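# Observations on the model geometry
The primary structure of each chain is shown beneath.
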Amino acid sequence: MKKQISLLLAILMILSLCANAFAEETGELIFTPDIVMDRLEKGDDSARTAEDQTVNGVYRLVEMLGTAAAIRATDEDCEIINAYLERIYDGDEQNLSNQQKLAIGAMQAFNILEFIAEQEDPQVKYQSNRDAIREYFSDGDDEARDARDQTLNALYSAVYMAALILEEMCPTKEMIANIDEELNAFSDDNNICQAVDDQIVNGAYWLQRMLTGIVSYLSPSDAYMNTVFDMSAEIAQDANNQTDLENELVVWLYSCVQMSGLFAEELLAEAE
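Now for a look at the structure at hand. Counting starts from 1 at the beginning of each chain's written sequence and moves along it residue by residue. Confidence filtering applies because this is a predicted model: local features only for residues at pLDDT of at least 70, side-chain atom pairs given and counted only at 80 or more, and all residues used for totals across whole chains, interfaces and linings. Excluding hydrogens and water, the side-chain figures rest on all heavy atoms present in the structure.

## Concerning the overall build of the protein
Applicable threshold: Helical segments are the DSSP runs of H or I of at least four residues, strand segments are the runs of E of at least two, and each set is numbered from the N terminus. Exposed residues in this analysis have more than 50% of their type's maximum accessible area, buried residues have under 20%, and partly exposed residues fall in between, with area computed by a 1.4 Å probe over protein chains only.
Secondary structure summary: the protein contains 11 helices and 0 strands in total. Put simply, the protein runs from its N terminus to its C terminus through helices and strands in the order α-α-α-α-α-α-α-α-α-α-α. Counting all 272 residues of the protein, 54% fall into the buried class.

This is the structure:
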């Protein structure tokens, strides 16, 4: 995983030469993308098990999505984002198991994606879509028997919310058709999963795929977009080489952090 982290850090350093100055001037960001990536790398170094790495990955994903959401947020909005972050930090203080921390992190990732979806819809055209996904999330959480079920429900809900964000960004017939095709493939993959752990990995994979779609849509150039796709392909190869589901989950969660970081940097560039 460290190779992918180093590659992404290099890309972020190029993109953030001006963006970080903007963040420092406005003070709007809870973190900056490079700070979160540094926390991801340090967390990976200190992790003793793959379960530790999954928690590192999902916590950093919440931080990175929070960073992206904060770029266009008001002070009041930032308080909401901070509340989502505080929930994952409370998990550390409560001495929860790694499975419980993973569930809490996945739920906060969904919450912040919903927040971003609201930001992408200033005309409130997609409120019913967001409400439907929120209901799907709430029903699944109510039915969850344990932390694994909660993680699965949150990741699947996050996939649908990320897909909606992409549709809000580009509500063309072609884009909607592409998203529908992707979600059908997501459903097909779920149908061949044999256990909850398989589904959790499937959810992380498809969340990474949707985040990659968002980044590629916002890419400032074809060369940059090709770099993103090349990096995503390399990560996919790394994931396919894993012989343990927990390690594969780590790869996809780390990649979700990376793609969210690129998304945050693109929003920073737009805000300048």
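## Quick word on the packing of helix α7 (residues 147–169) against helix α8 (residues 173–192)
Keep this limit in mind: Each axis is a line fitted through C-alpha atoms, and for a helix only the stretch in contact is used; angles between axes span 0 to 180 degrees, taken between their N-to-C directions. Throughout this description, any angle smaller than 35 degrees is read as roughly parallel, any larger than 145 degrees as roughly antiparallel, any in the 65 to 115 degree range as roughly perpendicular, and the remainder as oblique. In a left-handed crossing the near helix is turned counterclockwise from the far helix by less than a right angle, and in a right-handed crossing that turn is clockwise. Here, two residues are considered to be in contact whenever any of their heavy atoms come within 4.5 Å of each other. Residue classes follow a fixed rule: Ala, Val, Leu, Ile, Met, Phe, Trp, Tyr, Cys and Pro count as nonpolar, while Asp, Glu, Lys and Arg count as charged, and any other residue, Gly among them, counts as polar.
Between α7 and α8, whose axes approach to 10 Å, the crossing angle comes to 170°. Judged on the interaxial angle alone, α8 and α7 are roughly antiparallel. When the axes of α7 and α8 are compared, the crossing they make is right-handed. Between α7 and α8, the residues in contact are Y156, V159, Y160, A163, L166 and E167 and M175, I176, I179, L183, F186 and N190, respectively. Considering only residue class, the contact of α7 with α8 consists of 10 nonpolar, 1 polar and 1 charged.

## Re a negative patch on the surface
Note the following rule: Exposure above 30% relative accessible area and the lack of any salt bridge qualify a residue for a patch; like charges then connect within 9 Å, and the nonpolar side chains Val, Leu, Ile, Met, Phe, Trp and Tyr within 5 Å. Here the open area of atoms and residues is found with the Shrake-Rupley method and a 1.4 Å probe, where only the protein chains shown may cover a residue. Salt bridges are identified by distance alone: a Lys or Arg side-chain nitrogen within 4 Å of an Asp or Glu carboxyl oxygen. In this tally Asp and Glu are treated as negative and Lys and Arg as positive; neither His nor the chain ends contributes. Just so you know, the charge point we use is NZ for Lys, CZ for Arg, CG for Asp and CD for Glu.
A cluster of acidic residues, D131, E135, D139, D142 and E143, forms a negative patch at the surface. The residue E143 is located in helix α6 (residues 127–143) in this model. For E143, a relative accessible area of 63% corresponds to the exposed category.

## Describing the packing of α7 against helix α9 (residues 196–218)
With their axes 9 Å apart at the nearest point, α7 and α9 run at an angle of 20° to one another. Here α7 lies roughly parallel to α9, going by the angle between them. When you trace α7 past α9, the crossing you get is left-handed. Residue classes in the contact of α7 with α9 are distributed as 19 nonpolar, 5 polar and 3 charged.

## Some details on α8
Heads up, the condition is: Multiplying one less than the number of residues by 1.5 Å gives the expected span of a helix. Arc definition: directions from the helix axis to the C-beta atoms.
In this model, α8 (20 residues) spans 29 Å end to end at C-alpha, consistent with the 28 Å of a helix rising 1.5 Å per residue. Along α8, the residues classified as buried are M175, I179, L183 and F186. Along α8, the residues classed as buried sweep out an arc of 70° about the axis, all on the same side. Relative to its buried face, α8 has exposed residues pointing more than 90 degrees away, namely K173, E174, E181, N191 and I192. Lining the buried residues of α8 we find α7 and α9.

## Focus: the pattern of salt bridges
A full pass over the atoms with the stated rule returns 12 salt bridges. R209 is the partner of E182 in a salt bridge, and the nearest nitrogen-oxygen pair spans 2.5 Å. Note that E182 is positioned in helix α8 and R209 in helix α9, a separation of 27 residues in sequence. Exposure remark for E182: the relative accessible area of 22% places this residue in the partly exposed category. On the accessibility criterion, R209 (34% relative accessible area) is partly exposed. Linked through salt bridges whose partners overlap, the residues forming this network are R39, R60 and E63.

Any functional reading would require information beyond the geometric quantities listed.
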